[in-house]
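Each chain, letter by letter, is given below.
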Amino acid sequence: MTSEKTKPKKFALTTPLYYVNGLPHVGSAYTTMIADVIARYKRLTGEEVLLITGTDEHGQKIQRTAEEKKLPPQEHCDQIVSKFEELWHKLDIQYNRFSRTTAPRHQAIVNEFLQRVWENNDIYLAQQQGWYCVACEEFKEKRELLEDGCCPLHPNTTAEWRDEENYFFKLSKYQGQLEELYQQNPQFIQPESRRNEILNFVNQGLQDFSISRVNVEWGFPIPHDANHTIYVWFDALLGYVTALLEPEQEPTLDNALSQWWPINLHLIGKDILRFHAIYWPAMLMSAKLPLPQQIFGHGFLTKDGQKMGKSLGNTLDPFQLVEKYGSDAVRYYFLKEIECGKDGDFNETRFVNIVNADLANDLGNLLNRTLGMTQKYCQGSLPSINAADLPQEHPLKTIGSNLGESVTKAYEKLKFNQGCEEILTLIRVGNKFIDEQAPWRLFKEGKQTEVEKILYGVLESVRLAAYLLAPIIPNLSGKIYQQLGFSVDFNQGDRLNEVAPFNQHSQWGKLILNQTLAKPQPVFAKLDFPSGDSP
Ligand code: MSP
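Criteria and thresholds
- Residues numbered from 1 in each chain as written.
- Predicted model: local features only at pLDDT ≥ 70, side-chain atom pairs only at ≥ 80, totals over all residues.
- Heavy atoms only, no water.
- Helix = DSSP H or I, 4+ residues; strand = E, 2+ residues; numbered from the N terminus.
- Rg over C-alpha atoms; globule rule 2.2 N^0.38 Å.
- Buried < 20%, exposed > 50% of the residue type's maximum accessible area, 1.4 Å probe, protein only.
- Contact = heavy atoms within 4.5 Å.
- Areas by Shrake-Rupley, 256 points an atom, 1.4 Å probe, with all protein chains shown as cover.
- Lys, Arg positive; Asp, Glu negative; His and termini not counted.
- Charge placed at Lys NZ, Arg CZ, Asp CG, Glu CD.
- Near = heavy atom within 4 Å.
- Polar contact = N/O pair within 3.5 Å; in protein donor to acceptor, adjacent residues only side chain to side chain.
- Pairing = 2+ DSSP bridges.
- Axes fitted to C-alpha atoms, helices over the stretch in contact; angles between N-to-C directions.
- Phe/Tyr/Trp six-rings, centres within 6.5 Å; stacked < 30°, edge-to-face > 60°.
- Lys NZ or Arg CZ within 6 Å of the ring centre and 35° of its normal.

What follows is about the overall build of the chain. Scanning the chain from terminus to terminus reveals 20 helices and 18 strands. Computed over its C-alpha atoms, the radius of gyration of the chain comes to 26 Å, within 12% of the 24 Å expected for a compact globule of 535 residues. For the chain, the spread of C-alpha atoms along the three principal axes comes to 90 × 60 × 40 Å. Residues classed as buried in the chain amount to 56% of the 535 residues present. Within the chain, residue pairs in contact and separated by at least 24 positions form 77% of the contacts whose partners lie at least 6 positions apart. Here the chain has roughly 22900 Å² of accessible surface; of this, 48% comes from carbon and sulfur atoms. The centroid of the 55 positive side-chain charges in the chain is displaced by 6 Å from the centroid of its 67 negative side-chain charges.

Written out as structure tokens, the structure is:
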């Protein structure tokens, strides 16, 4: 029996549940890659993780898409869902749950939740008038729309006038409680810039929002009034709760909330912040349920400096990208090049340049040539050396000794770009170090012990870099580890911390590399430049 003390910490996180109006795009891939890196990092440190992703399948937008394709909506959803699963597989996303809002058990959860809110007197019937953006599935104030009546997020879609009877949720009742939440818990919305956006918005005064529709068939009916279907966002947010049910469990709120609730992190893009940081906590307050710990809103991606869009003809197909360049390269670029929380750009030539410079040249080559020297000068194995055998001022020991801790701090704050930079610094110094120390010269001079120490210092740095980068580039890290004689597969999930314990492997100079080291083989092939471009 495991005691309370030895139980691993639990960490549950979510991606948004993606609309199935089209094939997955690079924006959804971006959120999912970040979430997967967080989940892999937590698993590496020994935490028990639940990564939830899934699809948001109801509402007018999906209904219309299915009509255009002349398909029954469920059939349309099933087709698109399989493409999401395929892409996540290609990108090495290790999700634990895939929550679909059309699942019958989701309906049971939504009904039970709605009943609680109803019993709390937070739902009433009234007339809804306003401009509706179907692409956002959200009412907009006139002042939020562009001059031509389109929503700024969807400049090709004109907002539609609605005047109908809807059920409303009393959001305004929660104004005070929400303000208190934001004030007492500054970490609730991150990063800071997004938090400020929400504080400003809430400051202007919250209005109740409608949670039913009369002209949309594709949704769950309101249980006591079948003329209405439940508003897609009210339904979708609860998909996070349904996802917590074990596969065979009876779909009740109690069951769903017994293991993993409250969710530790909802990772989302900045465009859907209001739903998660205002509506969602208020809905939970009304149902008298604990709130999630944090909502983190990442930035938007542009391509070649321009907003991406079908009308501009500059969308970026994540399938093509991963098929052409492989998942490690794609994951690395988005995590290393873009500060999570800020907007970022994708440019293919820049992408190839960065991946080649960092992964092929700096990291891969350093391993390759150092292993080559180990074969040549030490018959492929080093004597037992560790950090204590190297001088205090050893440049790699100096950087390496603090790296595990500082990268951990960066990753905890979702500053993956900063973590990567720090790791790459060690590798760059490693390249410089080996050039300056010139072990080939020392070998000729018969200084065998010095040669061994130099090679150890460099190989240990490459190992540490691979370990700390494993959440981002699991395949490349695994290859590096195997070349260094460890049988560790960074895709093995929960058991990783047993095979390569974090408290040992995240430290420089604790491990002894005296196993027979593999014959060097290139671990990362340089990417080709897009046609017509040169470095
Ligand atoms: N269905 C809702 C979420 C419901 S959650 C209970 C939804 N789906 S979405 O498919 O439209 O968007 C999913 C995610 O993709 C959002 O986090 C959004 O921010 C992200 N992105 C869409 N375009 C993007 C970029 N160009 N760049 C980065 N992310 C963007 O909203």
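A few words on the site of the ligand. Inspection of the region around the ligand gives 22 residues, with Leu 17, Asp 56, Gly 269, Asp 271 and Leu 301 positioned closest. Between Leu 17 and the ligand, the recorded distance is 2.8 Å, taken from a backbone N or O atom to a nitrogen atom. Residue Asp 56 places a side-chain N or O atom 2.7 Å away from a nitrogen atom belonging to the ligand. For the ligand, whose accessible area on its own is 670 Å², the fraction buried by protein is 91%. No other element matches strand S1 (residues 10-19), which puts four residues into the shell around the ligand.

Moving on to the sheet that holds S1. Read from one edge of the open sheet, six strands run S3-S2-S1-S14-S15-S9, paired in parallel fashion. With one partner strand each, in any of the chains shown, strand S3 (97-100) and strand S9 (189-190) form the two edges of the open sheet. Its contacts with the sheet put helix H1 (residues 26-44) on S1, strand S2 (48-56), strand S14 (265-269) and strand S15 (294-298), and the angle it makes with S1 is roughly 170°.

Now for the environment of Ile 338. Examined against the element boundaries, Ile 338 turns out to sit in the loop between helix H12 (327-337) and strand S18 (344-346). Residue Ile 338 is classed as buried on the basis of its relative accessible area of 3%. Through-space distance from the C-alpha of Ile 338 to that of Phe 300 is 9.9 Å; in sequence the pair is 38 residues apart. If near-sequence neighbours (up to four positions away) are discounted, Ile 338 is found in contact with Tyr 30, Leu 301, Tyr 333, Asp 343, Gly 344, Asp 345 and Asn 417.

The next thing to look at is the sheet that holds strand S10 (residues 209-210). Strand order in the open sheet formed by four strands is S5-S4-S8-S10, with antiparallel pairing between adjacent strands. A strand with exactly one partner marks an edge of an open sheet, and here the two such strands are strand S5 (138-140) and S10. On the sheet, helix H10 (residues 273-286) packs against S5, strand S8 (160-169) and S10 and is oriented at approximately 30° with respect to S8.

Right, let's talk about the packing of aromatic side chains for a bit. In the structure shown here, the tally under the stated rule is 34 aromatic pairs. When the centroid spacing of 5.7 Å and the interplanar angle of 5° are considered together, the rings of Tyr 18 and Phe 84 count as stacked. Taken together, the positions of Tyr 18 in strand S1 and Phe 84 in helix H3 (residues 73-90) put the pair 66 residues apart, joining distant regions of the chain. Judged by its relative accessible area of 8%, Tyr 18 falls in the buried class. On the basis of an interplanar angle of 55° and a centroid distance of 5.9 Å, the ring pair of Tyr 30 and Phe 334 is categorised as tilted. With Tyr 30 in helix H1 and Phe 334 in helix H12, the pair connects residues that are 304 residues apart, well separated along the chain. Residue Tyr 30 is classed as buried on the basis of its relative accessible area of 1%. Assessed through its relative accessible area of 1%, Phe 334 is described here as buried. In this structure, Lys 10 is placed above the aromatic ring of Trp 260, and the distance from its NZ or CZ to the ring centre is 4.4 Å.

A word on the pairing of strand S13 (residues 225-230). Pairing of strand S11 (residues 212-213) with S13 involves two bridges; the strand directions are antiparallel. Each bridged residue has a counterpart across the sheet, and for Ser 212 the counterpart in S13 is Ile 230. With two bridges joining them, strand S12 (residues 221-222) and S13 adopt antiparallel strand pairing. Looking at the pairing, Pro 221 lines up with Thr 229 of S13.

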